[in-house]
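Read off the chains here:
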Amino acid sequence: AGIGRSETRDTVLITDVHLLGAAAAAVLGRLAERHRLVLTAADEVTGHAAAVAARCPVRLTLPALRSRRDRIPAVAAAMLGAATAGRARFTPQALRTLAAFDWPGNLRELRTVVDDVADRRSAGDVTEADLPAGYRGGGRPTLDGALWQAERDAVVDALCSCAGNKVHAAKMLGISRNTLYRRLRVLRIDPDALIVS
């Protein structure tokens, strides 16, 4: 049995496919015979998940949100508009603040912040003060400014170049794995949300 070419097949979206176990991969393999699959992964796809991914003829590597800061205001505004049926809108300063943030969790993190804002303010102007504390201008927890950002960028780059493997990333950075885990918490880096190539 092969995958049909019918244009009427339903599309099924599966997120975090890199986390699939053998049983779920087998179910998806059967599902792919009747449906078009769209898969997302924040890590390298190996093992059982790779067999499912092999059924997808097109692969895209999306750039990290921090590399597309110019798009963040439009994306955030659209998310808030959808979440509040157009009743709430970000002020220009709030959008500049969001665009300046590094977004280690990419779109998932941005969506979480926008949903939090929408839960607290469902109508009117959303200002920088309405953003969660860690997302307001300069609201970084432990280190600040250029030093914080430089360390954070170094850790993110190491994780991305090691395909998310924390042991290899720690070796590349010259630190222990335990130190890397502590720095991930302090620098608010979610390794599972990084887009790795």
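What counts, and at which threshold
- Residues numbered from 1 in each chain as written.
- Predicted model: local features only at pLDDT ≥ 70, side-chain atom pairs only at ≥ 80, totals over all residues.
- Heavy atoms only, no water.
- Pairing = 2+ DSSP bridges.
- Helix = DSSP H or I, 4+ residues; strand = E, 2+ residues; numbered from the N terminus.
- Right-handed = clockwise from strand over helix to strand, strands pointing away.
- Disulfide = S-S within 2.5 Å.
- Axes fitted to C-alpha atoms, helices over the stretch in contact; angles between N-to-C directions.
- Left-handed = near helix turned anticlockwise from the far one by under 90°.
- Contact = heavy atoms within 4.5 Å.
- Polar contact = N/O pair within 3.5 Å; in protein donor to acceptor, adjacent residues only side chain to side chain.
- Core = buried A, V, L, I, M, F, W, Y, C linked by side-chain atoms within 4.5 Å.
- Buried < 20%, exposed > 50% of the residue type's maximum accessible area, 1.4 Å probe, protein only.
- Salt bridge = Lys/Arg side-chain N within 4 Å of Asp/Glu carboxyl O.
- Expected span 1.5 Å × (residues − 1).

Draft legend 1. How the structure looks around the pairing of strand β1 (residues 11–14). In terms of strand pairing, β1 meets strand β2 (residues 36–39) through 4 bridges, oriented parallel. When the bridges of β2 are listed, Thr11 appears paired with Arg36. Handedness of the crossover is the feature at issue here: the chain leaves β1, passes through helix α1 (residues 22–31), returns alongside β2, and the resulting connection is right-handed.

Draft legend 2. Looking closely at the state of the cysteines. Under the counting rule described, the total for this entry stands at 0 disulfides. The structure places no disulfide on Cys160, whose sulfur is separated from the nearest cysteine sulfur, that of Cys162, by 9.6 Å.

Draft legend 3. Representation of the packing of helix α3 (residues 72–83) against helix α4 (residues 92–100) within the structure. Between α3 and α4, the least distance of the axes is 9 Å, while the angle of their chain directions is 120°. The way α3 lies across α4 gives a crossing that is right-handed. Mapping the contact onto sequence places Ile72, Pro73, Ala76 and Ala77 in α3 and Leu95, Leu98 and Ala99 in α4.

Draft legend 4. Region of the structure containing the side chain of Arg152. By the element assignment, Arg152 lies in helix α6 (residues 145–161). Of the polar contacts made by the side chain of Arg152, one reaches the side chain of Asp102; its length is 2.6 Å. In contact with Arg152, other than residues within four places in its own chain, are Asp102, Pro104, Leu187, Arg188 and Ile189.

Draft legend 5. Expanded view of the nonpolar core. Counting residues in hydrophobic clusters, the biggest one holds 21 residues, and the most contacted among them are Ala76, Leu80, Phe90, Leu98, Trp103, Leu110 and Val114. Counting only elements with at least two residues in this core, the list comes to α3, β3 (88–90), α4 and α5 (106–120). For this core, the element with the highest residue contribution is α5, accounting for 5 residues.

Draft legend 6. Expanded view of the pattern of salt bridges. In total, this model carries 7 salt bridges according to the counting rule given. Here Arg121 ties to Asp130 by a salt bridge, and the two come within 3.1 Å at their closest N and O atoms. Judged by its relative accessible area of 32%, Arg121 falls in the partly exposed class. Judged by its relative accessible area of 14%, Asp130 falls in the buried class. Where salt bridges share partners, they join Arg69, Asp102 and Arg152 into one cluster.

Draft legend 7. Looking closely at α5. Helix length check: α5 (15 residues) gives 22 Å between terminal C-alpha atoms against 21 Å at 1.5 Å per residue, within 8%. When α5 is considered as a whole, its buried residues turn out to be Asn106, Glu109, Leu110, Val113, Val114, Val117 and Ala118. Buried positions along α5 lie against α3, β3, α4 and β4 (124–126).

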